[in-house]
Amino acid sequence: MADTAAADTAAPTVSAPTLSGPTVTAPSYEATERTVPTRIRERAAYDRDTVHAILDEGYLCHLGFIRDGAPVVLPTLYGRIGERLYVHGSTGSRPLRGAKDPGLAVCLTVTHLDALVLARSAFHHSMNYRSVVVHGTAHQVTDPEERAEALDALVNQVVAGRADDSRRANAKELAATTVIRLDLLEVSAKVRTGGPNDEPEDTGLPYWTGIVPVTKTYGAPVPADDLDPAITLPAYLA
(Lines give C-alpha, C1' and ligand atoms only; values in the text may rest on other atoms or scores of the structure.)
Protein backbone atom coordinates (compact mmCIF):
# COMPACT_ATOMS: atom_id res chain seq x y z
CA MET A 1 0.00 0.00 0.00
CA ALA A 2 1.27 3.44 -0.86
CA ASP A 3 -0.31 5.43 2.02
CA THR A 4 0.16 4.98 5.74
CA ALA A 5 -0.76 6.97 8.84
CA ALA A 6 2.31 8.18 11.04
CA ALA A 7 3.70 7.48 14.56
CA ASP A 8 6.60 6.99 17.04
CA THR A 9 6.71 6.75 20.89
CA ALA A 10 7.50 8.54 24.25
CA ALA A 11 6.92 12.22 25.27
CA PRO A 12 7.05 14.94 27.90
CA THR A 13 5.46 14.74 31.32
CA VAL A 14 2.40 16.95 31.78
CA SER A 15 1.36 18.73 34.97
CA ALA A 16 -2.08 20.21 34.40
CA PRO A 17 -4.36 20.52 37.43
CA THR A 18 -7.61 21.35 35.68
CA LEU A 19 -10.04 18.58 34.77
CA SER A 20 -10.20 19.56 31.11
CA GLY A 21 -6.43 19.51 30.72
CA PRO A 22 -3.78 22.00 29.59
CA THR A 23 -4.67 25.65 29.15
CA VAL A 24 -5.60 26.26 25.50
CA THR A 25 -4.25 29.47 24.00
CA ALA A 26 -3.85 28.50 20.33
CA PRO A 27 -6.25 27.10 17.72
CA SER A 28 -3.69 24.48 16.69
CA TYR A 29 -1.31 22.01 18.30
CA GLU A 30 2.37 22.72 17.79
CA ALA A 31 4.01 20.44 15.24
CA THR A 32 6.95 18.47 16.62
CA GLU A 33 9.54 16.13 15.18
CA ARG A 34 7.35 13.17 16.12
CA THR A 35 4.08 14.57 14.79
CA VAL A 36 5.31 15.63 11.34
CA PRO A 37 4.89 12.73 8.86
CA THR A 38 7.92 11.63 6.90
CA ARG A 39 5.74 11.27 3.77
CA ILE A 40 2.85 13.21 2.26
CA ARG A 41 3.08 15.99 4.83
CA GLU A 42 0.25 17.92 3.20
CA ARG A 43 -2.22 15.40 4.67
CA ALA A 44 -1.23 16.29 8.23
CA ALA A 45 -3.40 18.67 10.26
CA TYR A 46 -2.78 20.21 13.67
CA ASP A 47 -5.87 22.36 14.25
CA ARG A 48 -7.90 21.46 17.31
CA ASP A 49 -11.24 21.41 15.48
CA THR A 50 -10.05 18.64 13.13
CA VAL A 51 -8.40 16.64 15.91
CA HIS A 52 -11.40 16.91 18.24
CA ALA A 53 -13.88 16.00 15.49
CA ILE A 54 -11.96 12.80 14.67
CA LEU A 55 -11.66 11.87 18.35
CA ASP A 56 -15.30 12.61 19.12
CA GLU A 57 -16.60 10.47 16.28
CA GLY A 58 -14.90 7.36 17.66
CA TYR A 59 -14.55 5.43 20.89
CA LEU A 60 -12.02 2.71 20.04
CA CYS A 61 -8.32 3.56 20.19
CA HIS A 62 -5.05 1.66 20.12
CA LEU A 63 -2.71 2.34 23.02
CA GLY A 64 0.97 1.61 22.41
CA PHE A 65 3.71 1.39 25.03
CA ILE A 66 6.87 -0.55 25.88
CA ARG A 67 6.56 -3.48 28.30
CA ASP A 68 9.56 -5.51 29.38
CA GLY A 69 11.56 -4.01 26.53
CA ALA A 70 9.05 -5.00 23.82
CA PRO A 71 6.36 -2.94 22.08
CA VAL A 72 2.72 -3.65 22.99
CA VAL A 73 -0.42 -2.21 21.35
CA LEU A 74 -3.80 -2.70 23.01
CA PRO A 75 -7.25 -1.88 21.57
CA THR A 76 -9.35 -0.12 24.20
CA LEU A 77 -12.12 2.44 24.73
CA TYR A 78 -11.38 6.11 25.41
CA GLY A 79 -13.25 9.24 26.41
CA ARG A 80 -12.40 12.91 25.86
CA ILE A 81 -12.89 15.80 28.25
CA GLY A 82 -11.48 19.01 26.83
CA GLU A 83 -7.77 18.57 26.22
CA ARG A 84 -7.53 15.19 27.91
CA LEU A 85 -8.16 11.60 26.90
CA TYR A 86 -9.05 8.93 29.45
CA VAL A 87 -8.60 5.17 29.27
CA HIS A 88 -9.62 2.68 31.94
CA GLY A 89 -8.94 -0.93 32.79
CA SER A 90 -8.41 -3.42 35.57
CA THR A 91 -6.16 -2.57 38.52
CA GLY A 92 -4.36 -5.80 37.59
CA SER A 93 -3.30 -4.36 34.23
CA ARG A 94 0.48 -3.93 34.17
CA PRO A 95 0.53 -0.97 31.75
CA LEU A 96 -2.10 0.89 33.75
CA ARG A 97 -0.21 0.22 36.97
CA GLY A 98 2.87 1.54 35.17
CA ALA A 99 1.14 4.90 34.73
CA LYS A 100 1.86 5.82 38.36
CA ASP A 101 4.38 8.64 38.78
CA PRO A 102 6.48 9.43 36.85
CA GLY A 103 4.00 8.09 34.27
CA LEU A 104 4.00 5.80 31.26
CA ALA A 105 5.25 6.89 27.82
CA VAL A 106 2.54 6.01 25.31
CA CYS A 107 1.33 6.56 21.77
CA LEU A 108 -2.44 6.55 21.30
CA THR A 109 -4.07 6.35 17.87
CA VAL A 110 -7.63 6.65 16.56
CA THR A 111 -8.52 5.85 12.93
CA HIS A 112 -11.70 6.03 10.85
CA LEU A 113 -11.72 4.13 7.55
CA ASP A 114 -13.86 6.00 4.98
CA ALA A 115 -13.17 4.18 1.70
CA LEU A 116 -11.05 1.62 -0.10
CA VAL A 117 -9.16 3.23 -2.96
CA LEU A 118 -8.65 0.88 -5.91
CA ALA A 119 -6.13 2.08 -8.45
CA ARG A 120 -5.08 0.57 -11.76
CA SER A 121 -1.69 -0.32 -10.29
CA ALA A 122 -1.22 -2.37 -7.14
CA PHE A 123 1.25 0.20 -5.80
CA HIS A 124 -1.33 3.02 -5.77
CA HIS A 125 -4.07 1.10 -3.97
CA SER A 126 -4.85 2.97 -0.78
CA MET A 127 -7.52 3.98 1.74
CA ASN A 128 -9.37 7.16 2.56
CA TYR A 129 -9.10 7.67 6.29
CA ARG A 130 -9.03 10.16 9.15
CA SER A 131 -6.58 9.47 11.96
CA VAL A 132 -5.20 11.08 15.11
CA VAL A 133 -1.90 10.21 16.78
CA VAL A 134 -1.17 11.39 20.33
CA HIS A 135 2.28 11.09 21.94
CA GLY A 136 2.68 11.71 25.63
CA THR A 137 3.03 10.47 29.17
CA ALA A 138 -0.05 8.82 30.66
CA HIS A 139 -0.74 9.33 34.35
CA GLN A 140 -2.94 7.38 36.72
CA VAL A 141 -5.97 9.35 37.92
CA THR A 142 -6.43 9.26 41.69
CA ASP A 143 -8.68 12.28 42.36
CA PRO A 144 -12.21 10.88 43.03
CA GLU A 145 -14.00 13.69 41.19
CA GLU A 146 -11.81 13.39 38.12
CA ARG A 147 -12.17 9.59 38.13
CA ALA A 148 -15.97 9.89 38.28
CA GLU A 149 -16.10 12.37 35.40
CA ALA A 150 -13.64 10.30 33.37
CA LEU A 151 -15.71 7.13 33.77
CA ASP A 152 -18.85 9.03 32.71
CA ALA A 153 -16.96 10.33 29.68
CA LEU A 154 -15.91 6.80 28.70
CA VAL A 155 -19.52 5.59 28.78
CA ASN A 156 -20.88 8.65 26.96
CA GLN A 157 -18.16 8.41 24.31
CA VAL A 158 -19.70 5.10 23.21
CA VAL A 159 -23.37 6.10 23.60
CA ALA A 160 -24.07 9.75 24.34
CA GLY A 161 -26.34 10.12 27.35
CA ARG A 162 -25.82 6.58 28.65
CA ALA A 163 -23.91 7.53 31.82
CA ASP A 164 -27.02 9.20 33.28
CA ASP A 165 -29.14 6.18 32.31
CA SER A 166 -27.13 3.53 34.16
CA ARG A 167 -25.88 2.78 37.67
CA ARG A 168 -22.53 4.37 38.44
CA ALA A 169 -19.70 2.17 39.68
CA ASN A 170 -19.90 1.26 43.34
CA ALA A 171 -16.98 1.25 45.78
CA LYS A 172 -15.99 -2.34 44.99
CA GLU A 173 -16.04 -1.70 41.24
CA LEU A 174 -14.07 1.53 41.61
CA ALA A 175 -11.45 -0.30 43.65
CA ALA A 176 -11.01 -2.75 40.76
CA THR A 177 -10.73 -0.01 38.13
CA THR A 178 -7.74 2.06 37.09
CA VAL A 179 -8.15 5.23 35.02
CA ILE A 180 -5.27 6.87 33.16
CA ARG A 181 -5.11 10.33 31.65
CA LEU A 182 -3.27 11.51 28.54
CA ASP A 183 -3.07 15.25 27.85
CA LEU A 184 -3.46 16.43 24.27
CA LEU A 185 -0.16 18.23 23.80
CA GLU A 186 1.83 16.43 21.10
CA VAL A 187 -0.93 15.67 18.61
CA SER A 188 -1.48 15.40 14.87
CA ALA A 189 -4.25 14.36 12.51
CA LYS A 190 -3.79 12.86 9.07
CA VAL A 191 -6.50 12.69 6.43
CA ARG A 192 -6.73 11.18 2.96
CA THR A 193 -9.66 11.90 0.66
CA GLY A 194 -10.37 11.54 -3.05
CA GLY A 195 -9.79 8.92 -5.67
CA PRO A 196 -6.81 6.89 -6.93
CA ASN A 197 -3.55 8.58 -7.85
CA ASP A 198 -2.67 6.55 -10.92
CA GLU A 199 0.38 7.23 -13.04
CA PRO A 200 -0.47 9.02 -16.31
CA GLU A 201 0.86 6.09 -18.34
CA ASP A 202 -1.57 3.73 -16.56
CA THR A 203 -4.80 5.56 -17.41
CA GLY A 204 -5.34 3.42 -20.51
CA LEU A 205 -5.08 0.08 -18.67
CA PRO A 206 -8.24 -2.09 -18.77
CA TYR A 207 -8.79 -2.25 -15.00
CA TRP A 208 -11.68 -0.88 -12.96
CA THR A 209 -10.59 1.99 -10.73
CA GLY A 210 -12.37 4.09 -8.12
CA ILE A 211 -13.35 4.02 -4.47
CA VAL A 212 -15.49 1.71 -2.36
CA PRO A 213 -17.08 3.76 0.46
CA VAL A 214 -16.93 2.24 3.94
CA THR A 215 -19.55 3.29 6.49
CA LYS A 216 -20.30 2.39 10.11
CA THR A 217 -23.88 1.28 10.73
CA TYR A 218 -25.80 0.18 13.80
CA GLY A 219 -28.56 -2.41 13.89
CA ALA A 220 -31.81 -2.06 15.80
CA PRO A 221 -31.28 -2.37 19.59
CA VAL A 222 -32.06 -5.87 20.91
CA PRO A 223 -33.42 -5.93 24.50
CA ALA A 224 -31.89 -8.28 27.07
CA ASP A 225 -33.87 -11.44 27.79
CA ASP A 226 -34.57 -10.28 31.35
CA LEU A 227 -35.52 -6.67 30.52
CA ASP A 228 -38.77 -5.53 32.11
CA PRO A 229 -41.22 -5.04 29.19
CA ALA A 230 -42.38 -1.83 30.85
CA ILE A 231 -38.97 -0.22 30.22
CA THR A 232 -39.12 1.45 26.82
CA LEU A 233 -36.23 2.17 24.45
CA PRO A 234 -34.51 5.40 25.55
CA ALA A 235 -34.58 8.34 23.17
CA TYR A 236 -30.78 8.31 22.70
CA LEU A 237 -31.06 4.81 21.18
CA ALA A 238 -34.29 5.24 19.20
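Scroll up to find the structure.
Residues numbered from 1 in each chain as written. Predicted model: local features only at pLDDT ≥ 70, side-chain atom pairs only at ≥ 80, totals over all residues. Heavy atoms only, no water.

Peer 1: So what exactly am I meant to see when it comes to the overall build of the protein chain here?
Peer 2: Within the protein chain, the secondary structure is distributed over four helices and ten strands. Across the protein chain, the fraction of contacts at a sequence separation of at least 24, relative to all contacts at a separation of at least 6, is 76%. (Helix = DSSP H or I, 4+ residues; strand = E, 2+ residues; numbered from the N terminus. Contact = heavy atoms within 4.5 Å.)

Peer 1: Looking at this model, I keep getting lost on the packing of aromatic side chains. Mind explaining?
Peer 2: For any pair of aromatic rings, geometry is given as the distance between the ring centres together with the angle between the planes. Scanning the entire structure with this criterion turns up zero aromatic pairs. Looking at arginine 48, its charged tip hangs above the ring of tyrosine 29, at a distance of 4.1 Å from the centre. (Phe/Tyr/Trp six-rings, centres within 6.5 Å; stacked < 30°, edge-to-face > 60°. Lys NZ or Arg CZ within 6 Å of the ring centre and 35° of its normal.)

Peer 1: Is there a simple way to explain the pairing of strand β9 (residues 186–192) in this structure?
Peer 2: Both faces of the sheet carry side chains from a regular strand, because those side chains alternate between them. Among the seven residues of β9, six are classified as buried, and the element is accordingly described as predominantly covered. By the bridge criterion, two bridges tie strand β1 (residues 44–45) to β9 in an arrangement that is antiparallel. From the neighbouring strand, alanine 45 faces β9, where its bridge partner is alanine 189. Where strand β7 (residues 126–140) and β9 come together, seven bridges link them in antiparallel fashion. When the sheet's bridge partners are listed, arginine 130 is paired in β9 with valine 191. (Buried < 20%, exposed > 50% of the residue type's maximum accessible area, 1.4 Å probe, protein only. Pairing = 2+ DSSP bridges.)

Peer 1: Just checking my understanding: could you explain a nonpolar patch on the surface for this structure?
Peer 2: Where nonpolar side chains cluster on the molecular surface, the patch consists of Leu113, Leu116, Met127, Trp208 and Val212 and spans about 450 Å² of accessible area. With respect to the helices and strands, tryptophan 208 occurs in the loop between β9 and β10 (210–213). (Patch = residues over 30% accessible without salt bridge, like charges linked within 9 Å, V, L, I, M, F, W, Y side chains within 5 Å. Areas by Shrake-Rupley, 256 points an atom, 1.4 Å probe, with all protein chains shown as cover. Salt bridge = Lys/Arg side-chain N within 4 Å of Asp/Glu carboxyl O.)

Peer 1: Got a minute to help me understand the pattern of salt bridges in this structure?
Peer 2: Following the criterion strictly, the structure yields 14 salt bridges and no others. Residue glutamate 146 is joined to arginine 181 by a salt bridge in which the shortest nitrogen-to-oxygen separation is 3.2 Å. Of this pair, glutamate 146 sits in helix α3 (residues 144–158) while arginine 181 is found in strand β8 (residues 177–183), placing the two residues 35 residues apart along the sequence. Of the residues examined, arginine 181 reaches a relative accessible area of 13% and is grouped as buried. Where arginine 162 meets aspartate 165, a salt bridge forms, and the shortest distance between an N and an O atom there is 3.6 Å. Through salt bridges with shared partners, a single network forms among Arg84, Glu146, Arg181 and Asp183.

Peer 1: Explain helix α1 (residues 48–57) to me, please; I cannot follow it from the model alone.
Peer 2: Given 3.6 residues to a turn, an α-helix orients residues that are three or four positions apart in the same direction. Residues Arg48, Val51, His52, Ile54 and Leu55 constitute the buried set of α1. End-on, the buried residues of α1 take up no more than an arc of 160 degrees, which puts them together on one face. Considering only its buried residues, α1 is in contact with β4 (79–81), β5 (84–90), β6 (104–118), β7, α3 and β9. (Arc of directions from axis to C-beta.)

Peer 1: Hey, could you run me through the environment of glutamate 199 in this one?
Peer 2: In this fold, glutamate 199 is placed in the loop between β9 and β10. Taking relative accessible area as the criterion, glutamate 199 reaches 32% and is therefore assigned partly exposed. Along the primary structure glutamate 199 and valine 87 are separated by 112 residues, whereas in three dimensions their C-alpha atoms are 43 Å apart.

Peer 1: Can you help me understand the environment of leucine 237 in this one?
Peer 2: Relative to the assigned elements, leucine 237 resides in the segment after β10. When the C-alpha atoms of leucine 237 and valine 159 are compared, they prove to be 8.2 Å apart, with 78 residues separating the residues in sequence.

Peer 1: It is not clear to me how the pairing of β8 should be interpreted in this structure. Could you clarify?
Peer 2: Buried residues dominate β8, accounting for seven of its seven residues. Across seven bridges, β5 lies against β8 in antiparallel orientation. Across the sheet, residue histidine 88 finds its bridge partner in β8, namely valine 179. Strand direction decides the pairing type here: β7 and β8, joined by two bridges, are antiparallel. Bridge assignment links glutamine 140 to a residue of β8, and that residue is isoleucine 180.

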